[in-house]
Amino acid sequence: MIDRQLRRQHIEREIGTVMPLQMRRGDTSNRARLFIALIAMVVMGLAPATTVAAEVPGPARQPVIHLHDRDSLTGQLADSQATDRLLWKSPVFARPLEIPLAAIRTVHFPVNEQLPQPAGEYGIELAGGDALFGELVELTADGLTVNATGLGQLHIERSILRRLYRLRAIELIFAGPNGVDGWKTSGSNGAWREDRGHLVSDEIGAVIRRDFGTPALARFEVELSWQKKPDFDLAFGVGDDPKSVLRAFRLDVWDNKIVAWRETEREADVTALTRIEPGAGRIHLQILVDQENGRMMVLSPFGEKLADLRVATGKPQIFGGLQLTNKSGDIRLERLRVGRWNGEAPHAITAEKARLHMTDGTIVYGQVASFDATQKQFVVQSEEGEKRIPEAQVQDIVVASAAEPGARSISALFIAGARASGQLLKIEQGKVWLQSPGIREPIAAPLDALYALTALEGQAADQVQEKEIPLPSREGRLEVDGTLLRGCLIEGADGDTSGLVWQPRHCNTGSPLAPEVKGRIVYRDRPSPAKAQARQAGAAPAGGGAVALAGGGGLAARAVAAPGQEKQLDTLPGSGGPRPKAGEAVLHLRCGDTIPGTVLSIDERGITYQSSVSDATFVAHDQVQALELMPEAKSTSIVKQKKERLLTVPRMQRDSPPTHLIRSDDGDYLRCRLVSMNSEQLEVEVRLETKTLPRKGIARIIWLHPDGAEEIVERQIPAGMRVQALQGDGNRLTFYATRFAGSVLSGTSELLGNCHVDVGTIDELLIGTTIEEAAAALVFHQWKLTPALEPLANPDGEGEGGEATGLDSPLVGKAAPDFQLDMLDGPRFVLAEQRNSVMVLDFWASWCGPCRQAMPQVDKVTREFADQGVKLVAVNLSETPEQIRTALEQLQISVPVALDRQGRVAEQYGATAIPQTVIVARDGTVARLFVGGGNHFEEQLRAALRNVLNPEPPASESP
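Residues numbered from 1 in each chain as written. Predicted model: local features only at pLDDT ≥ 70, side-chain atom pairs only at ≥ 80, totals over all residues. Heavy atoms only, no water.

Looking at this model, I keep getting lost on the side chain of Arg695. Mind explaining?
Note on placement: Arg695 falls in the loop between β55 (689-694) and β56 (698-703). Glu680 is the oppositely charged side chain nearest to the buried, salt-bridge-free Arg695, at an N-O distance of 8.5 Å. At 3.1 Å, the side chain of Arg695 forms a polar contact with the backbone oxygen of Asn678. (Helix = DSSP H or I, 4+ residues; strand = E, 2+ residues; numbered from the N terminus. Buried < 20%, exposed > 50% of the residue type's maximum accessible area, 1.4 Å probe, protein only. Lys, Arg positive; Asp, Glu negative; His and termini not counted. Salt bridge = Lys/Arg side-chain N within 4 Å of Asp/Glu carboxyl O. Polar contact = N/O pair within 3.5 Å; in protein donor to acceptor, adjacent residues only side chain to side chain.)

Help me understand unusual backbone geometry in this model?
The phi angle of most residues is negative, glycine excepted, and most peptide bonds adopt the trans form. In this model, Ile914 is joined to Pro915 through a cis peptide bond whose omega is 5°. In this fold, Pro915 is placed in the loop between β69 (913-914) and β70 (916-920). Although it is not a glycine, Lys376 sits at a positive phi angle of roughly 55°. Position of Lys376 among the secondary structure elements: in the loop between β30 (367-372) and β31 (377-382). Overall, the relative accessible area of 46% leaves Lys376 in the partly exposed class.

Before we go on, may I ask you to explain the pattern of salt bridges in this structure?
Counted by the stated rule, this structure contains 46 salt bridges. Arg337 is paired through a salt bridge with Glu125; the nearest N and O atoms lie 2.3 Å apart. Taken as a pair, Arg337 in strand β27 (residues 331-340) and Glu125 in strand β8 (residues 122-126) lie far apart in primary sequence, 212 residues in all. On the basis of relative accessibility, which here comes to 9%, the residue Arg337 falls in the buried class.

Teacher, can you tell me more about the packing of helix α9 (residues 849-864) against helix α10 (residues 881-891) here?
Each packed pair of helices is defined by two parameters, the angle between the axes and the distance between the axes. Here α9 crosses α10 at 65°, and the two axes come no closer than 11 Å. Two packed elements cross with a definite hand, and for α9 against α10 that hand is right-handed. Every residue of α10 that contacts α9 at Arg852, Met855 and Pro856 is listed here: Ala887, Leu888, Gln890 and Leu891. A breakdown of the residues in the contact of α9 with α10 according to their chemical character gives 5 nonpolar, 1 polar and 1 charged. (Axes fitted to C-alpha atoms, helices over the stretch in contact; angles between N-to-C directions. Left-handed = near helix turned anticlockwise from the far one by under 90°. Contact = heavy atoms within 4.5 Å. Nonpolar A, V, L, I, M, F, W, Y, C, P; charged D, E, K, R; others polar.)

Would you mind showing me how to read the sheet that holds β70 here?
Strands in a sheet are paired, the pairing made by backbone hydrogen bonds, and the direction either parallel or antiparallel. Read from one edge of the open sheet, 5 strands run β68-β67-β66-β70-β71, paired in mixed fashion. Since the sheet does not close on itself, it has two edges, and those belong to β68 (897-900) and β71 (926-931), each with one partner. Each neighbouring strand pair of the sheet contributes to a mean axis angle of 20°, computed without reference to strand direction. Note: strand β67 (residues 870-877) against β68, 4 bridges, orientation parallel. Each residue of the ladder has a partner; that of Leu877, found in β68, is Asp900. Sheet contacts for α9: β66 (838-844), β67 and β70; angle to β66, the most-contacted strand, approximately 165°. Relative to β71, helix α12 (residues 937-949) is tilted by about 175°, and along the sheet it contacts β66, β67, β70 and β71. (Pairing = 2+ DSSP bridges.)

Shown next as structure tokens:
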């Protein structure tokens, strides 16, 4: 394999003089053969990935304002007479924000997926990159009068006019790039982003593609720029098939040159276009592509021919797309225009002269003096004198030079591809009003016709930094759905009752957060609970065992986890627990609050305690999540299956489920109901028996609230906005914020009374229902009771009437879910080890009448086929060995029974009603699945087993 560097060296030798290198079919020179081989190897080994991911969603269905440092805020523009700022009304805030233009990058508006085509007779290019569409009214030595599409009549000075082109003559298909809507990308989320109307990427290997439905003869105009050394690939005429990219005409970067090339199985052609200079740069080109005849011409913006490639294929295919790949560095697509080409090769031109490009490809040099609207003719002043040229023969009019644009503060980018910039005058009546240099009338751009507004002043980060407003308090990051806004809390004005008034970092005013807001203010990023758990698990001593369910009389001994079993920590120090003083306990509430202090007693009502952070001394049981009596006790690993067993309530205990888990300092657990606690001992109830445990040695108590239990009922809701302060020491404090002053946020807690928190000590401030979402992720909140699966007894069964075939279940034909279960008597059962047998799995319970009726039938039939490798395993759901043995004795049968204590296996097999009988074939697939029993079930099961053991051939079709 010849590597990329060798190719570079070869290209440097061949096109180092920036002269065309061309190869034709039949050229058998060593140089041609080597070059074709090099290109083929590069295509196979180094071509960019062409897999295109799902279409990137466009902007949110409401406008979004993007500030520097990628801050953003949803909302909409409000009317304003200010010329140096925008008034932004957001659902996040109670009042509009005044945002200086210097802080703004872009305002994006929602657009439909189907973009409109440019409308009008002419496209008009102006100084500074502006472009309008419309009807030509008048052209004189002083200027141009045009009925601009969507903007009305405008008078444009001749000095800012760069180019006119007739849309009908070039049959414009697309003008943009018009943001990411309609494009497809590959790469990470956000690999391509919109910036000031351009498409930008700095991700290696990022691909963007769009199908314009271009014909075989197509014209492209592209303008690309970069900040570093570019390395891109731009392919013309591509489709969904990745192979189409490999055969397309392309612009590519080879070492320090931009080249145009194409390669097929039999030939290739390449031409160097320009050398890349160090640092930032740009390239502006016109590309003419003839896919049927295998030709691509590359022209300068003024029509100067730079390359003419001819590489045909035996069976040409027509593709309507374009694809841009950022192989490394950064790339920005600033301009893209797609239209039809008549196939005529343009004539050689003198780039600096004013001229007219005719529809037949000829060039007429001279300055257009005027337009005769009556005769539909252009009057041209040339060296040969005055000429009158019919409008229908003109394609482009190029003005020799244009003045530099005057001062502009904002640019309006239209959905249809137009662009207008100027000084902001006002926002009024659903329009943005601009005064564009060189245009007499103010431009009133309808907001519903725009996809973006871009601020043009203060774009550089250092310029913005100079204009930042000093923040009066600690800076944080406000995160709400659709919003990321850096700033700080400030003191509210009279009448502000939320207590949370936010001032963005580039604004000199703020606004209260809206009452319904949910989100957070981040002052210091904290490690995620998963990372904290991973770090803690990594620090745990080797050989640490899992904890097992306690027995009846006291705390159970430690059980060692089997190799490979998943372990979890029973708590995460530092992930929500405070750092209490020596001898203090920590009380964890269901709302997420953590209160350090001294626990005096526990009774039937709740906990009595003393704390330096709380004026209150009592909390009810329904508000408590956990109590750490020994916060310094080391966390222990617990096997996931053991934890699930601790939290699963068997059927026989559902009427009186356990309410607490008590963990000893050595890691053992007891599931019980806590009756009371004092300074010496705990009184607990275990299986209706009262036990006494010494308080010494108890590390923590976890309250077992049933999964899905109702949240705490708030009887009296104080004024203000509900927040939870997550402090650096791990304390969490929930209260209703009413006032911010200096650096202190004040409010009222339902449990603690008056609260004061210094934001200098806060890592995060949670707002609204985000508090409950965060609390649900806390470690102790993961300990929730869940009932064991309790299938319904099927009294009739689908087998009644002898019609059931067992083929109706969606599991039939699929791999049987593998499982391992302890047996009532005998070794552990593993389904995967039974591949040479036909397994009959009978899901049952002793309390299920139809199960008791069906099981003797299942036992009888499976014994008939035992010599053919048929085995029966009766899977019992959530019952004790004593209950199972009693039922088998009453039925006078002896069958192997697997113990599905938590109903997990039944859940895998969709056993929502029992009895359920499953036949697993020798290949491990589900062959039959019956729900129910009935008088005819014996015959149905027997017929099914015969068919599984000896499948009937498919019936032949009638001749």
